[in-house]
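# Structural description and commentary
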Amino acid sequence: MATSQVLLSPAELAYIHSSLSLRPPIRSDGRTSTQFRPLTAETGVLPGTNGSARVCFSDGTEAIVGVKAEIERTRADNEQEDQDDGAAQRQVRGDWVEIAVEIPGLRDDDASTVFLGEMLREALLGDGDFARKLWINRRFHWRLYLDILLISPPLSYPLPLLSLTTHLALLATRLPRLKSEGDEDPMFDDDWQASQFLYSQNESARPPITLLVVAIGDNVIFDPSKEELAVAESALAVSVAAAASEKVSQDQGRKLKLVSVRMVDPPSRLTPPGVPNGTSSGTGAAPAGKEGESVEGVWKAPVGGTKFAILDGIIQAVLEKGGVADEVLDGLKGVELA
Amino acid sequence: MPRDAEPSLSERTFVTKALAEGLRVDNRKFDQCRPVSLTFGDEFGVADVSFGKTRVLARTSAEVTVPYADRPFDGVFTITSELSPMVAPSIEPNRPTETEVLLSRLLEKTVRRSGALDTESLCLIAGQKCWSVRVDLHVLNHDGNILDAACLAVIASLRHFKRPETTLDGEVLTVYTPAEREPVPLSWLHSPFCVTFSFYGEEGDIVLMDPTWLEEQLRVSSCTFSLNRHGEICQVSKLGGSAVDAPLFIQCAQTALSKSKEYTELLERKLAEDAKSRDKGGLMAELTAENDR
Amino acid sequence: MPLDTSTYSLALLRVDGRRWNELRRLHAQIRTQAAADGSSYLEMGHTKVMCVLTGPAEQNQSQRRGQTSGGGGSARDTASINVNVMIAGFSSVDRKKRGRNDKRTQELEITIAKTFSSIVHTHLFPHSSISISLHVLSSDGSLLAALLNAATLALIDAGIPMSDYIAACTAGSTSSHSASDDSADPLLDLNTQEEQELPYLTVATLGSSDRIAVLNCESRLQVSRLEGMLVVGVDGCKQVKQILDRVIREKGVQMIREGAVDRSDTMVMDLDE
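Criteria and cut-off values
- Residues numbered from 1 in each chain as written.
- Chains lettered and ligands numbered in written order.
- Predicted model: local features only at pLDDT ≥ 70, side-chain atom pairs only at ≥ 80, totals over all residues.
- Heavy atoms only, no water.
- UniProt positions renumbered as here; feature names shortened; annotations may be inferred.
- Contact = heavy atoms within 4.5 Å.
- Buried area = accessible area lost by both parts, 1.4 Å probe.
- Salt bridge = Lys/Arg side-chain N within 4 Å of Asp/Glu carboxyl O.
- Polar contact = N/O pair within 3.5 Å; in protein donor to acceptor, adjacent residues only side chain to side chain.
- Helix = DSSP H or I, 4+ residues; strand = E, 2+ residues; numbered from the N terminus.
- Buried < 20%, exposed > 50% of the residue type's maximum accessible area, 1.4 Å probe, protein only.
- Pairing = 2+ DSSP bridges.
- Axes fitted to C-alpha atoms, helices over the stretch in contact; angles between N-to-C directions.
- Parallel < 35°, antiparallel > 145°, perpendicular 65-115°, else oblique.
- Left-handed = near helix turned anticlockwise from the far one by under 90°.
- Expected span 1.5 Å × (residues − 1).
- Phe/Tyr/Trp six-rings, centres within 6.5 Å; stacked < 30°, edge-to-face > 60°.

- As recorded in an unreviewed UniProt entry, chain C goes by the name Ribosomal RNA-processing protein 41, listed as coming from Emericellopsis cladophorae.
- Turning to chain C, the UniProt record has this under Sequence similarities (unreviewed entry): "Belongs to the RNase PH family."

- In the annotation of an unreviewed UniProt entry, chain A is listed under the name Ribosomal RNA-processing protein 42 and assigned to Emericellopsis cladophorae.

What follows is the structure in structure tokens.
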């Protein structure tokens with residue numbers, strides 16, 4: 001976990017946990033369970049990149065993503081295969097996208113950094129349409145470099161922040177317009193005004209977003225704060241992408257697809273357990289022999305996995321029309337693309 | 001992690017007070033260096049430099065390799081300067097300390113970036129074969145001023161080194177053993193030397209040359225100049241520390257230049273002495289085509 | 001990339017249209033980050049850096065082992081300054097990834113840490129550490145200078161006592177190292193193109209004094225030319241200091257106006273200017 005340990009006492013943890021287990025849950029900042037924290041976002045902050053974005057969460061965490069594209073010759077073995085299948089078959093490969101995550105104070109080969117980068121990459125490539133966009137012709141393709149920088153020290157688990165910033169940066173990414181045709185060496189239009197968006201405005205396809213969801217009791221809580229994460233029974237990273245639908249009709253809304261789901265080890269598993277009054281050493285009784293038994297109001301680090309019903313509920317809440325993913329994508333749509 | 005022993009409070013006060021009165025602990029003048037000794041080994045390319053108790057050994061070697069794809073016409077030239085626990089107990093292997101980073105950067109800037117060695121002359125067949133020249137630096141004893149000593153050792157070692165003679169006949173590359181053909185020295189362009197100044201006192205106006213380890217621990221800042229004898233600065237680094245008056249740098253640069261000339265003279269003299277001692281049988285004299293008729 | 005600098009002698013204008021003694025546009029902001037103790041954003045031409053500072057805070061385990069602690073004094077009696085320079089892959093024209101163990105980056109970190117440990121009154125914060133993270137978003141010459149200036153602003157924003165500003169800039173010379181013509185002009189504040197072609201040095205001074213805290217030169221130049229370049233560099237640092245000072249004062253005035261800070265009697269600043 002990239003977050004530093006939260007300094008909360010077992011009693012505080014138990015309090016937060018029980019208030020979040022109520023139906024409906026009561027969150028310490030007064031949000032509803034699907035409500036996100038406000039954020040500020042802008043795109044096109046870095047003129048030297050193909051696309052860039054900056055996002056600040058209200059708790060002060062901030063990330064910048066820059067996308068750079070380079071032309072690369074597709075390796076010869078692909079060419080051979082393509083000969084048989086014809087030009088329609090566009091061979092795409094996962095290694096056309098390179099993601100580097102930089103978190104201050106952590107080494108770049110730190111396990112949590114690599115895991116973060118891999119989760120974002122997996123979501124991107126899980127959406128098969130994405131790699132296809134990088135295809136130029138049978139001999140050349142674009143290679144995308146995504147450099148994800150967390151500017152502030154990690155105050156909460158940075159995955160949602162980095163994912164939203166990456167999403168915006170990819171939306172703002174523009175590639176020069178191709179002038180050449182067919183399989184000849186690619187030639188591009190020098191005019192940046194003529195460049196084309198990687199994700200065209202009129203089509204409904206959108207890069208994936210990864211949302212962090214925690215389950216506490218039977219409640220499903222979106223965009224958890226640091227404290228909420230510290231009492232989570234299980235945490236999931238759910239990646240959703242909007243697919244390109246053939247007929248774009250406003251009333252039908254966008255077609256969402258689930259790209260990946262990953263369990264994240266919540267920091268709550270490392271929290272120290274509370275000691276019930278009855279067994280407190282202050283009263284002389286030994287605290288032994290009570291393993292596995294939970295006492296009301298006494299904090300105990302959660303063990304075990306997630307129930308199927310809860311998993312199902314999370315996916316439902318994310319994917320349903322007008323659901324959380326829809327809401328987030330609508331919100332991000334409002335960000336002006338520079 | 002083991003830590004460097006720090007000078008005690010009484011040592012600190014004693015040394016700094018003495019400096020304020022114009023005295024150094026070993027009774028040298030402020031701009032006086034310790035006696036420098038430079039010796040070469042039996043093999044070509046081994047140089048041993050000592051400044052007082054500081055002792056540094058450099059060894060140059062060469063082998064034939066494939067050049068880097070992005071620079072097919074250049075040979076490979078590397079300087080490795082890993083410090084071992086032999087230098088000080090506080091140094092752990094595979095964990096670069098500040099001293100080590102600065103030392104390797106300094107040598108990189110002084111010798112490699114300034115183009116002292118003509119790397120193009122190391123190319124044998126463009127894009128396929130080239131010489132890889134490698135200098136290994138070993139600090140044997142650290143009693144202050146290892147930067148200057150290391151630089152002198154590296155330059156001396158490279159100047160002393162001779163690589164095997166090669167010929168290219170069509171596509172066939174022949175590397176001759178020293179018995180077959182006399183090895184050739186590296187194609188050398190200029191010899192830069194490092195001169196470090198240490199600053200003391202509240203205002204940083206006391207300037208010392210060639211400090212011992214104790215003096216080095218107490219300095220408020222330092223500045224290293226790299227110059228060749230033609231008066232070309234290859235590198236200047238005063239990396240932080242207390243601020244020093246600007247005119248002082250100009251004075252230091254002049255001192256550094258004369259010091260660099262001294263080093264050049266020393267190196268040339270030692271190289272000539274070494275060549276003479278290797279030439280005992282007068283074999284080279286016999287092999288030359290000139291006769292005194 | 002060989003660059004034709006010969007046109008300079010014709011109009012005495014540089015590749016970007018500046019004269020020899022002109023700085024590029026220097027734009028700076030402080031308090032850009034709500035979550036940090038001190039933060040700043042600084043642009044010197046197209047070089048853009050961001051600084052986020054945390055501390056003085058209790059040392060954590062890894063810092064206690066003292067990796068890039070600024071030298072001078074024993075670590076326990078003074079605050080250690082840890083500097084982290086992150087050069088983003090997209091900062092240069094061609095994407096180039098620099099690992100954490102890159103020696104050049106480490107040298108930058110050591111330089112910045114050492115500079116500030118002698119300026120900041122670290123003895124006021126024993127057993128603690130100040131960590132400075134510097135992000136390079138775009139680099140177009142004078143990188144070390146920009147990093148030093150940004151770190152100064154962030155330290156002031158965090159309210160950490162220090163004896164003066166560190167103001168830095170670069171100075172170069174129009175002739176290459178081999179030519180010994182005397183007509184060569186010194187130049188101020190070089191961009192990447194000029195840095196690749198011409199000898200240059202980075203100077204950082206203590207406030208607007210003539211005292212030099214950092215002097216770094218990585219290119220070959222005649223020793224006789226050092227003085228001229230140094231004079232121009234020190235003069236440039238004075239201009240930079242003025243600009244940095246204005247940034248701080250403007251922010252201060254703004255904060256008083258907004259009521260974020262109480263106006264005290266000891267303040268001599270004129271709010272109406």
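Following the structure, the description resumes.
### Concerning the interface of chain C and chain A
- Every contact between the two is made by 21 residues of chain C and, on the other side, 29 residues of chain A.
- When chain C packs against chain A, close to 2,000 Å² is buried across both sides, 57% of that on carbon and sulfur atoms.
- Scanning the region where chain C abuts chain A turns up two salt bridges.
- The partner of Arg95(C) in a salt bridge is Glu98(A), with the nearest N and O atoms 3.9 Å apart.
- The interface formed by chain C and chain A contains five residue pairs in polar contact (both at pLDDT 80 or more).

### With respect to the pattern of salt bridges
Residue and element names in this part refer to chain B.
- Enumeration over the complete set of coordinates arrives at 49 salt bridges over all chains.
- Here arginine 159 makes a salt bridge to glutamate 268, at a shortest N to O gap of 3.1 Å. Residue arginine 159 is located in helix H3 (residues 146–160), and its partner glutamate 268 is located in helix H5 (residues 246–278); the two are separated by 109 residues in the primary sequence.
- For glutamate 268, a relative accessible area of 35% puts it in the partly exposed group.
- For the salt bridge of lysine 259 with glutamate 262, the shortest nitrogen-to-oxygen distance reads 2.9 Å. Note that lysine 259 and glutamate 262 are positioned in helix H5 at a spacing of three residues, about one turn of the helix.
- Judged by relative accessible area, lysine 259 falls into the buried class, the value being 12%.
- Among the charged side chains, a network of salt bridges with common partners joins Arg24, Asp26, Arg28, Arg34, Asp143, Asp210 and Glu215.

### Here's the deal with the sheet that holds strand E3 (residues 47–58) of chain C
All names here are of chain C.
- Pairing is mixed in the open sheet, where five strands are placed in the order E1-E2-E3-E5-E4. Strands at the two margins of the open sheet, each flanked by one partner only, are strand E1 (26–30) and strand E4 (80–87). Across the sheet, the mean angle from the axis of one strand to that of its neighbour is 15°, orientation sign disregarded.
- Of the strand pairs in this sheet, E1 and strand E2 (residues 38–44) are connected by five bridges, and their pairing is antiparallel. Counted as the bridge partner of alanine 28 is leucine 42 from E2.
- Helix-sheet contacts for helix H6 (residues 226–257) involve E1 and E2, and the interaxial angle to E1 is about 35°.

### Points about the packing of helix H3 (residues 103–119) of chain C against helix H4 (residues 143–157) of chain C
Residue and element names in this part refer to chain C.
- Orientation of H3 relative to H4, taken along the N-to-C sense of each, is 40°, at an axis distance of 11 Å. When the axes of H3 and H4 are compared, the pair comes out oblique. You can see that H3 and H4 cross each other, and the crossing is right-handed. Along the contact surface, H3 presents Arg104, Leu108, Thr111, Ile112, Thr115 and Phe116, while H4 presents Leu143, Leu144, Leu147, Leu148, Ala151, Thr152 and Leu155.

### What about helix H2 (residues 98–113) of chain B?
Residue and element names in this part refer to chain B.
- Taking 1.5 Å per residue as the helical rise, H2 with its 16 residues ought to reach 22 Å, and the 21 Å between its terminal C-alpha atoms agrees with that figure.
- Residues of H2 that are buried include every one of Glu100, Val101, Leu102, Leu103, Ser104, Arg105, Leu106, Leu107, Lys109, Thr110 and Val111, and no others.
- Backbone geometry just after H2 places glycine 115 at a positive phi near 70°.

### Concerning the interface of chain C and chain B
- Each partner contributes to the interface: chain C provides 33 residues, whereas chain B provides 39 residues.
- Approximately 3,400 Å² of surface area, both sides summed, lies buried where chain C meets chain B, with 53% of it carried by carbon and sulfur atoms.
- Linking chain C with chain B are nine salt bridges.
- Between Glu218(C) and Lys109(B) there is a salt bridge, with its nearest N and O atoms 3.9 Å apart.
- Linking chain C with chain B are 17 residue pairs in polar contact (both at pLDDT 80 or more), by the criterion used here.
- Of all the elements in the fold, those that place two or more residues in the side of chain C that touches chain B are H3, strand E9 (211–217), strand E10 (221–222) and H6 of chain C.
- One ladder, built from two bridges, connects strand E14 (residues 232–238) of chain B with E10(C); its direction is antiparallel. By the bridge assignment for E10(C), Ile233(B) is matched with Leu221(C).

### A word on the sheet that holds strand E8 (residues 206–216) of chain A
Residues and elements named next belong to chain A.
- If you walk across this open sheet you meet the four strands as E9-E8-E10-E11, and the pairing is antiparallel. In this open sheet, the two strands that pair with only one neighbour each are strand E9 (219–222) and strand E11 (255–264). Between one strand axis and the next, the sheet turns by 30° as a mean value, whatever way the strands run.
- With nine bridges connecting them, strand E10 (residues 234–243) and E11 associate as antiparallel partners. Of the residues in E11, the one forming a bridge with alanine 241 is lysine 257.
- Contacts from helix H3 (residues 111–126) reach E8, E10 and E11, with the element oriented near 155° to E11.

### Focus on the side chain of Thr205(C)
- Within the secondary structure, Thr205(C) sits in strand E8 (residues 200–206).
- Only 3.2 Å separates the side chain of Thr205(C) from the backbone oxygen of Gly207(C), close enough to count as a polar contact.

### So, the packing of aromatic side chains
Residue and element names in this part refer to chain A.
- Throughout the structure, instances matching the rule amount to five aromatic pairs over all chains.
- Between tryptophan 142 and phenylalanine 188 the ring centres are 5.1 Å apart and the planes differ by 45°, which places this aromatic pair in the tilted class. Within this pair, whereas tryptophan 142 is found in strand E5 (residues 140–150), its partner phenylalanine 188 is found in the loop between strand E6 (174–175) and strand E7 (196–197), the two being separated by 46 residues in sequence. Note on accessibility: tryptophan 142 and phenylalanine 188 belong to one class, buried.

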